[in-house]
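So you can see what is in the structure, the chains are spelled out below.
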Amino acid sequence: KQEVTQIPAALSVPEGENLVLNCSFTDSAIYNLQWFRQDPGKGLTSLLLIQSSQREQTSGRLNASLDKSSGRSTLYIAASQPGDSATYLCAAESGGSYIPTFGRGTSLIVHP
Amino acid sequence: DTAVSQTPKYLVTQMGNDKSIKCEQNLGHDTMYWYKQDSKKFLKIMFSYNNKELIINETVPNRFSPKSPDKAHLNLHINSLELGDSAVYFCASSETGGGYGYTFGSGTRLTVV
């Protein structure tokens, strides 16, 4: 059974810092790993999707990497802004089930 | 707009009632899902459904049932609502076969009083 862990659970940083959010998964036989953002009281917005054959994906100030062998993914946020404040969730889709398993998220606050 | 849409956005109801939440996607996806997000913000799969297969999380009470009139819709019916059913319910969709990622609706906040 896939288990996904996100560290840290919460993070508070001043504006401008570069950030690394961590996601680890127990079953390395994944189809993909997806990072989402959730604003308070809102739904999930997809940020980046890394297929199992890929090592990383980039979108603007966001870069996500995937290391299947070690069961880890990181989300790198460059030059953080107050608008980046949200909860960041990673989800690993395991081979065979086609159902993503979510971590509990990292709650990020970027203060001016 | 292409999207996954859920209705209603908010639902307040009394214990013991039966209620439904509707979900529609116009992305052409053939698999849809229901997730429950509890008070600690943990997202837990409830159902996965496509034309061929319904996968049920064994921890979901049988008071919950998905109904799919066609592949663009997956509604969630809940019978005999309990206080512990209060949560945010999310619908999502994807292409079958894995690896394509997921699109989520904006959620339905259910409050049972």
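Residues numbered from 1 in each chain as written. Chains lettered and ligands numbered in written order. Predicted model: local features only at pLDDT ≥ 70, side-chain atom pairs only at ≥ 80, totals over all residues. Heavy atoms only, no water.

## Notes on the sheet that holds strand β1 (residues 4-7) of chain A
Within a sheet, neighbouring strands are paired by backbone hydrogen bonds and run either parallel or antiparallel to one another. All names here are of chain A. In plain terms, the rule: Strands qualify as paired when DSSP identifies two bridges or more between them. We count a stretch as a helix when DSSP gives it H or I for four or more residues in a row; a strand needs E for two or more, and each element gets its number in order from the N terminus. The axes used here are C-alpha line fits, helices contributing only the stretch in contact, and every angle between their N-to-C directions lies in the interval 0 to 180 degrees.
A sheet is described by the order of its strands in space; here five strands give the open sequence β1-β3-β8-β7-β6, paired in antiparallel fashion. Every interior strand has two partners, whereas the edge strands, β1 and β6 (56-59), have only one. Direction aside, neighbouring strands of the sheet carry axes that sit 15° apart on average. Note that β1 and strand β3 (residues 19-25) share four bridges and pair antiparallel. By the bridge assignment for β3, V4 is matched with F25.

## Observations concerning the sheet that holds strand β1 (residues 4-7) of chain B
Residue and element names in this part refer to chain B. Spatially, β1-β3-β8-β7 is the arrangement adopted by the four strands of the open sheet, whose pairing is antiparallel. The sheet is open, and its two edges are formed by β1 and β7 (64-67), each paired on a single side. Ignoring strand direction, the axes of neighbouring strands in this sheet form an average angle of 20°. Across four bridges, the pairing between β7 and strand β8 (residues 75-78) is antiparallel. Each residue of the ladder has a partner; that of S65, found in β8, is H77.

## Describing the environment of A:L21
All names here are of chain A. Spelled out, the test is: Contacts: residue pairs with any heavy atoms within 4.5 Å of one another.
Tracing the backbone through its elements, the reader meets L21 in strand β3. When the C-alpha positions of L21 and G103 are compared, they lie 12 Å apart, and in sequence the two are 82 residues distant. Once you skip the residues sitting within four places of it in the chain, L21 turns out to touch I7, L11, W35, S73, T74, L75, I77, Y88 and T106.

Spatial relationships are all this shows, so hold off on functional conclusions.
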